[in-house]
Amino acid sequence: MVMVRGAFSNLLAPGFRKITFETYKERPTEGNTFMNMNTSQRAYEDDFPIAGFGTLLEKPEGGPVVYEDAIQGTSKRYLWTTYGKGFRITQEMMEDDLYGIMGAKMSKALGRSARNNFEIVAFNPLNQAFSTSFVGFEAGVALCSTAHVSLRGQTLANKPAADTDISLPAVQAALEHFHGLNDESGLPVMFIPKWCLYSIGDHWIVNQIFKTEKLPGGNQNDINQVSREGVTPKLVHYLTDPDAWFILADNHDLNYFDRRKPTMTNTDDFETGDAKFKLTRRNGSGFSGWRGVYGSPGV
């Protein structure tokens, strides 16, 4: 495809007060406010877990201690996808454009495309959080699941047994979940809930849950302890399921990688004189460990 004068005849005619192109306000980027942001210089990146030791066992007088081996789990590999887009403009179109739309402003439009690509890739682990084809250390187990199995055989969950929309009782259960987390060997670990991610349809109920000092909807003077737990509600716009919601801890393992940041190149075609522009990038995202994330797809 090539942009020619016949398709953009208005740009050749004087007298227009304004050409509306790339003039809208953009939201601040959202994915970088909660994802672990990384760069890579390799064809792939690997993570893997090791389980340490369980709690001490009683040693009878004169008897031996119990020996235990550490356990290495399976690895998680992060791979990169190359994304790109470009445009082509005839030499005549570049010469006769009276409003400066072709060229620099078109290149800015490609930058917006790259910005949107970042959000889609960054949110992919959450949008695939209930899919068993998008996994971390455990093959066949989704990010949010009731069937996580630790390296020492304990079955654990980081979603409700029955999917539920966000509500005060559901959030209370999520916060209790983080206080009961164990590591791969069954020892207690600390994950402090930090954010609640949700879509606009839940905006009103979420703010009642997290920002009212008294219990929402009640006529008693009971305090709303959830509002004092330090969780920040974060309205996001790239969750593909409008009912899904997530509580993320401060040390979650959701990871985004830039293998090659957005790179703009341009050249002129020798035969035609056309100007050619392209923007490409390589990136990827995923999760390794599931601890630090609790979520539900809603109902």
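See the structure printed just above.
Residues numbered from 1 in each chain as written. Predicted model: local features only at pLDDT ≥ 70, side-chain atom pairs only at ≥ 80, totals over all residues. Heavy atoms only, no water.

Novice: Requested: an account of the packing of aromatic side chains, with residues and values cited.
Specialist: For the structure on display, the rule yields nine aromatic pairs. Arranged with centres 6.2 Å apart and planes meeting at 45°, the rings of Trp245 and Tyr294 form a pair that is tilted. With Trp245 in strand S11 (residues 245-249) and Tyr294 in strand S14 (residues 293-296), this pair connects stretches of sequence that are 49 residues apart. The structure contains a cluster of three or more aromatic residues connected by ring pairs, namely Phe34, Phe123 and Tyr238. The positively charged end of Lys76 is found above the aromatic ring belonging to Tyr78, 5.2 Å away from the centroid. (Phe/Tyr/Trp six-rings, centres within 6.5 Å; stacked < 30°, edge-to-face > 60°. Helix = DSSP H or I, 4+ residues; strand = E, 2+ residues; numbered from the N terminus. Lys NZ or Arg CZ within 6 Å of the ring centre and 35° of its normal.)

Novice: An account of the environment of Val4 is needed here, citing residue identities and associated values.
Specialist: Here Val4 shows up in the segment before strand S1 (36-39). Of the residues examined, Val4 reaches a relative accessible area of 33% and is grouped as partly exposed. Taking the C-alpha atoms as reference, Val4 lies 9.7 Å from Asp274; in sequence the two are 270 residues apart. Contact partners of Val4, with chain neighbours within four places excluded, come to Thr90 and Met93. (Buried < 20%, exposed > 50% of the residue type's maximum accessible area, 1.4 Å probe, protein only. Contact = heavy atoms within 4.5 Å.)

Novice: Describe the sheet that holds S1, with residues and values.
Specialist: Ordered in space as S1-S12-S13-S6, the four strands form an open sheet in which the pairing is mixed. If you trace the sheet from one side to the other, it starts and ends with S1 and strand S6 (81-89), each paired once. Averaged over all adjacent pairs, the angle separating strand axes in this sheet is 25°, with direction ignored. With four bridges joining them, S1 and strand S12 (residues 254-268) adopt parallel strand pairing. Bridging across to S12, Asn38 finds its partner in Phe257. Those strands touched by helix H2 (residues 101-127) are S1, S6, S12 and strand S13 (275-287), and its axis lies near 15° from that of S13. (Pairing = 2+ DSSP bridges. Axes fitted to C-alpha atoms, helices over the stretch in contact; angles between N-to-C directions.)

Novice: Report on the sheet that holds strand S10 (residues 232-235), specifying residues and quantitative values.
Specialist: Read across the open sheet, the four strands follow the order S10-S9-S11-S14; overall the sheet is mixed. Both edges of this open sheet fall to S10 and S14, since each of them pairs with a single strand only. The sheet shows a mean angle of 20° between the axes of neighbouring strands, taken without regard to direction. With four bridges joining them, strand S9 (residues 193-198) and S11 adopt antiparallel strand pairing.

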